[in-house]
Amino acid sequence: MIKTDWKPLLDLTSRLAREYLESLADRPIRARATPEQMLAAFDGPVPETGLSALKVVEELARGADPGLAAMPSGRFFGWVIGGSHPAALAADWLTVAWEQNTGMAEPTPAASMVEQVALRWLTELLGLPAHCSGALVTGAQVANTVCLTAARHAVLAAHDWDVEVDGLQGAPKISVLVSQEQHDTVAKSIRHIGLGTRSTVAVDTDEQGRMRAGALAQLLEETRGPTIVCAQAGNVNTGAIDPMSEICDVVDRHRDQRSGTWLHVDGAFGLWAQASADKRALSRGIERADSWATDAHKWLNTPYDCGIAFTAHPEAHRASMSIRAAYLPEGADEGYRNPVDWTPELSRRARGFAVYAAIRELGRQGVEELVDRCCRMASRFADRLNDAPGVSVVNDVVLNQVLVRFSDGGDDDAHTRRVVTRVQREGTCFMSATTWHGMDLMRISVSNWSTDESDVDRSLESILRAHAERV
Ligand SMILES: *Cc1c(COP(=O)(O)O)cnc(C)c1O
């Protein structure tokens, strides 16, 4: 076996990582370089000869630094992006060193069983039924696809159609009812499972972007045959959670009359309301759904990438994902699972280690505090911004999302866009822009474990400076 002297390489890597993490306190939050500059820095012909690993890492770190956005900073509020909890980051390093291809339980018992425990912990923390099946995937996009693939299996099986064997050609038509303000990944998942966006019907939403249960009930009355309903926990703009109890009542009534109905919830970040005694009222009833997609890399603050799919129907989940190949060990069903039977991937990263480590470091109380603290910081933003002249928060801040509109007496859309650009450029913090209900807005998402009052206050000063600046 070719020997490598790991120590200098890993010491250097550890130092470089530490320097980056320590620089988060002061470095500009936006990336300093443009994509063009990064391309110029790295592009060139395939190198003819190699370089020592030490040099490669040194060069890579030096070259990449200007093009890094400080996404793990407590003052990064763009999109919905978490940082990495310390134990999760460290566990993820080990995951790479351990290099377990974690498709099967028996050859990699540590990876697969830690994943199994992490999934069970997640079900408990999120208040989902104990018999749920789960899968760790790359993100909520793929989690939505996994859940909807299980849904497709179940609703067609209820109409005596085996989609795994017979496919969709000639199958009973599936109706898909989705919230009008559904995240775009749900539409993409619907495309991927062969249903096409034309098979979807948009369900009306209220002023906070929540699905109207009454509108759903009306549409369901006209719906025959296999039916999938997609609701949402955590509107990507407002943070609002669909009225789950009412939606479940409506879906259950339909289910009683017609077989083959499935309720899926995209809860990429909003499902984490379940981890907080304070916020749980928002998602009440959500455990009655048939499947849930969420992310660990958002609110749990595990490293990228980690999404989670849960279903209340392990048999449908497994039927839609399982694999049998002669060269793979037969799956054992006695108390443990082969991850490959629950995920779209065969070879895969051992994401369970980082999830386990994050939950182990935080404990149930720590997870709850993390969710509550982010919500508290979002309210702090909202309260202070609402007090400032010419600034208004346009959503009900129920969770960790804040939508802000800035007025300078002229064109509010243009002024708001300018404020967002100025804030991003100044670099104290980072917020993204959005368009919602016809308005250009600043969107603040508080999703990082390390964000505290001082981060919020520094960021508020930067925002208000940008608002006060003359054109
Ligand atoms: C972020 C998000 C997604 C997509 O999640 P990824 O992890 O980026 O794949 C889906 N739905 C909602 C509501 C989200 O916020």
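Throughout what follows, the structure given in this document is the object of discussion. (Residues numbered from 1 in each chain as written. Predicted model: local features only at pLDDT ≥ 70, side-chain atom pairs only at ≥ 80, totals over all residues. Heavy atoms only, no water.)

**Some points on the site of the ligand**
Inclusion rule: We define proximity as follows: a residue is near a molecule or strand when any one of its heavy atoms falls within 4 Å of that partner. Here a polar contact is recorded for every N or O atom pair within 3.5 Å, except that within protein the pair must consist of a potential hydrogen donor and a potential acceptor, and residues adjacent in sequence are included only if both atoms are side-chain atoms. Every accessible area reported is derived by Shrake-Rupley at a probe size of 1.4 Å, with residue values counting cover from the shown protein chains alone.
Taken together, 13 residues lie near the ligand, and Gln141, Asp266, Asp295, His297 and Lys298 sit nearest. The side chain of Asp266 places a nitrogen or oxygen atom 2.7 Å from a nitrogen atom of the ligand. Contacts to the ligand include Asp295, whose side-chain N or O atom sits 2.7 Å from an oxygen atom. Burial of the ligand by the surrounding chains reaches 84%, relative to a free accessible area of 380 Å².

**Quick look at the nonpolar core**
Applicable threshold: Working definition of a nonpolar core: buried Ala, Val, Leu, Ile, Met, Phe, Trp, Tyr and Cys residues. They are joined through side-chain atoms within 4.5 Å. The classification of residues rests on relative accessible area computed with a 1.4 Å probe and restricted to protein chains. Under 20% of the type maximum is buried, over 50% is exposed, and intermediate values are partly exposed. Secondary structure counts use DSSP, requiring at least four H or I residues in a row for a helix and at least two E residues in a row for a strand, with both numbered from the N terminus.
Judged by nonpolar contacts, the single largest core of 78 residues is most densely connected at Leu122, Leu216, Trp292, Leu300, Phe381, Met442 and Ile444. With 15 residues, the single largest contributor to this core is helix 12 (residues 352–387). Residues Val176, Val178, Ile228 and Cys230 belong to the second largest nonpolar core, which totals 18 residues.

**Here's the deal with the side chain of His467**
Its place among the elements puts His467 in helix 14 (residues 453–468). A polar atom in the side chain of His467 sits 3.0 Å from the backbone oxygen of Pro389.

**Description of the sheet that holds strand 4 (residues 227–232)**
The criterion, for reference: Any two strands with at least two DSSP-identified bridges between them are counted as paired. The axes are straight lines fitted to the C-alpha atoms, using for helices just the contacting stretch, and the angles between their N-to-C directions are given from 0 to 180°.
The seven strands lie next to each other as 1-7-6-5-4-2-3, forming an open sheet whose pairing is mixed. Whereas interior strands pair on both sides, the edge strands pair on one side only; in this sheet they are strand 1 (133–137) and strand 3 (200–203). When the angles between neighbouring strand axes are averaged without regard to direction, this sheet yields 20°. When strand 4 meets strand 5 (residues 261–266), the two strands line up parallel, connected through six bridges. The residue bridging Val229 from the neighbouring strand is Leu263, located in strand 5.

**Some thoughts on the pairing of strand 4**
Each regular strand displays side chains that alternate between the two surfaces of the sheet. Quick note on the threshold: Classification remark: right-handed applies to a crossover when, strands pointing away from the viewer, the course from the first strand over the helix to the second runs clockwise.
Strand 4 sits mainly inside the fold: six of its six residues count as buried. Because side chains alternate across strand 4, one face comprises the buried residues Thr227, Val229 and Ala231, and the other comprises Ile228, Cys230 and Gln232, equally buried. Relative to strand 4, strand 2 (residues 175–179) is paired through four bridges, and the arrangement is parallel. When the bridges of strand 4 are listed, Val176 appears paired with Ile228. Once you follow strand 4 into helix 10 (residues 244–257) and on to strand 5, the crossover reads as right-handed.

**Points about the packing of aromatic side chains**
In plain terms, the rule: A pair of Phe, Tyr and Trp rings is counted when the ring centres sit within 6.5 Å of each other, with Trp represented by its six-membered ring. The angle between the planes then sorts it: under 30 degrees is stacked, over 60 is edge-to-face, the rest tilted.
Under the criterion given, the structure shown has six aromatic pairs. Aromatic side chains Phe77 and Phe381 sit 5.0 Å apart centroid to centroid with 85° between the ring planes, which places their arrangement in the edge-to-face category. With Phe77 in the loop between helix 3 (53–64) and helix 4 (86–98) and Phe381 in helix 12, this residue pair connects regions lying 304 residues apart in the sequence. Pair check on accessibility: Phe77 and Phe381 agree, each one buried. Centroid distance Trp79 to Phe430: 5.4 Å. Interplanar angle 35°. Geometry classified as tilted. Here Trp79 is found in the loop between helix 3 and helix 4, whereas its partner Phe430 is found in the loop between helix 13 (412–426) and strand 10 (432–436), with 351 residues between them in sequence. Look at Phe430 and you get buried, because its relative accessible area is 11%.

**A word on helix 10**
So the rule is basically this: The span you would expect from a helix comes to 1.5 Å times its residue count less one. Contact between two residues is taken to exist if any of their heavy atoms lie within 4.5 Å; hydrogens are not considered.
If you check helix 10, its first and last C-alpha atoms are 20 Å apart, about what 14 residues at 1.5 Å a residue would give, namely 20 Å. Among all positions in helix 10, only Met244, Ser245, Ile247, Cys248, Val250, Val251 and His254 are buried. Of the surrounding secondary structure, the elements contacted by the buried residues of helix 10 are helix 9 (213–221), strand 4 and strand 5.

**Details of helix 5 (residues 109–125)**
Applied cut-off: What the arc measures is the spread of directions leading from the helix axis to the C-beta atoms.
Compared with the 24 Å implied by 1.5 Å per residue over 17 residues, the 24 Å span of helix 5 between its first and last C-alpha is a close match. All buried positions along helix 5 are accounted for by Ala111, Ser112, Glu115, Ala118, Leu119, Leu122, Thr123 and Leu125. Down the axis of helix 5, the sector holding all buried residues measures 160°, keeping them to one side. Among the structural elements, strand 1, strand 7 (307–311) and helix 12 are those in contact with the buried residues of helix 5. Two residues or fewer past helix 5, Gly127 is found with a positive phi of approximately 65°.

**Description of the environment of Ala53**
By the element assignment, Ala53 lies in helix 3. Looking at Ala53, the relative accessible area reads 44%, which means it is partly exposed. Sequence separation between Ala53 and Phe310 is 257 residues, and the spatial gap between their C-alpha atoms is 40 Å.

**Some thoughts on the sheet that holds strand 9 (residues 401–406)**
Reading across from one edge, 8-9-11-10 is the order of the four strands in this open sheet, with antiparallel pairing throughout. The outermost strands of the open sheet, each flanked by one partner alone, are strand 8 (391–393) and strand 10. Strand-to-strand twist in this sheet, taken as the mean axis angle between neighbours without regard to direction, amounts to 40°. Summarising the sheet, strand 10 and strand 11 (residues 439–445) pair through five bridges and their orientation is antiparallel. Counted as the bridge partner of Ala433 is Met442 from strand 11.

**A short note on the layout of surface pockets**
For clarity, the cut-off: The pocket and cavity definitions rest on a 1 Å grid over protein atoms only: a 1.4 Å probe that fits but cannot leave marks a cavity, an open set with protein on both sides within 12 Å along at least five of seven lines marks a pocket, and residues lining either have an atom within 4 Å of a point. Grid points are joined across faces, edges and corners, and a volume is the space filled by probe spheres set on the points. Three classes are used: nonpolar for Ala, Val, Leu, Ile, Met, Phe, Trp, Tyr, Cys and Pro, charged for Asp, Glu, Lys and Arg, and polar for all others, with Gly counted as polar.
If you add up the space inside the largest pocket, you get close to 1,300 Å³. Lining the largest pocket are 36 residues, with Ala17, Tyr20, Leu21, Leu89 and Trp93 sitting closest to its centre. Grouping the amino acids of the lining of the largest pocket by side-chain chemistry returns 23 nonpolar, eight polar and five charged.

**Examining the pairing of strand 9**
The element strand 9 is largely enclosed, with a buried count of six among its six residues. Burial along strand 9 is two-sided: the face carrying Gln401, Leu403 and Arg405 and the face carrying Val402, Val404 and Phe406 are both buried. Two elements, strand 8 and strand 9, share three bridges in a ladder whose sense is antiparallel. Across the sheet, Ser392 pairs through a bridge with Arg405, a residue of strand 9. Here strand 9 pairs with strand 11 via four bridges, running antiparallel. Bridging from a neighbouring strand, Leu403 pairs with Arg443 of strand 11.

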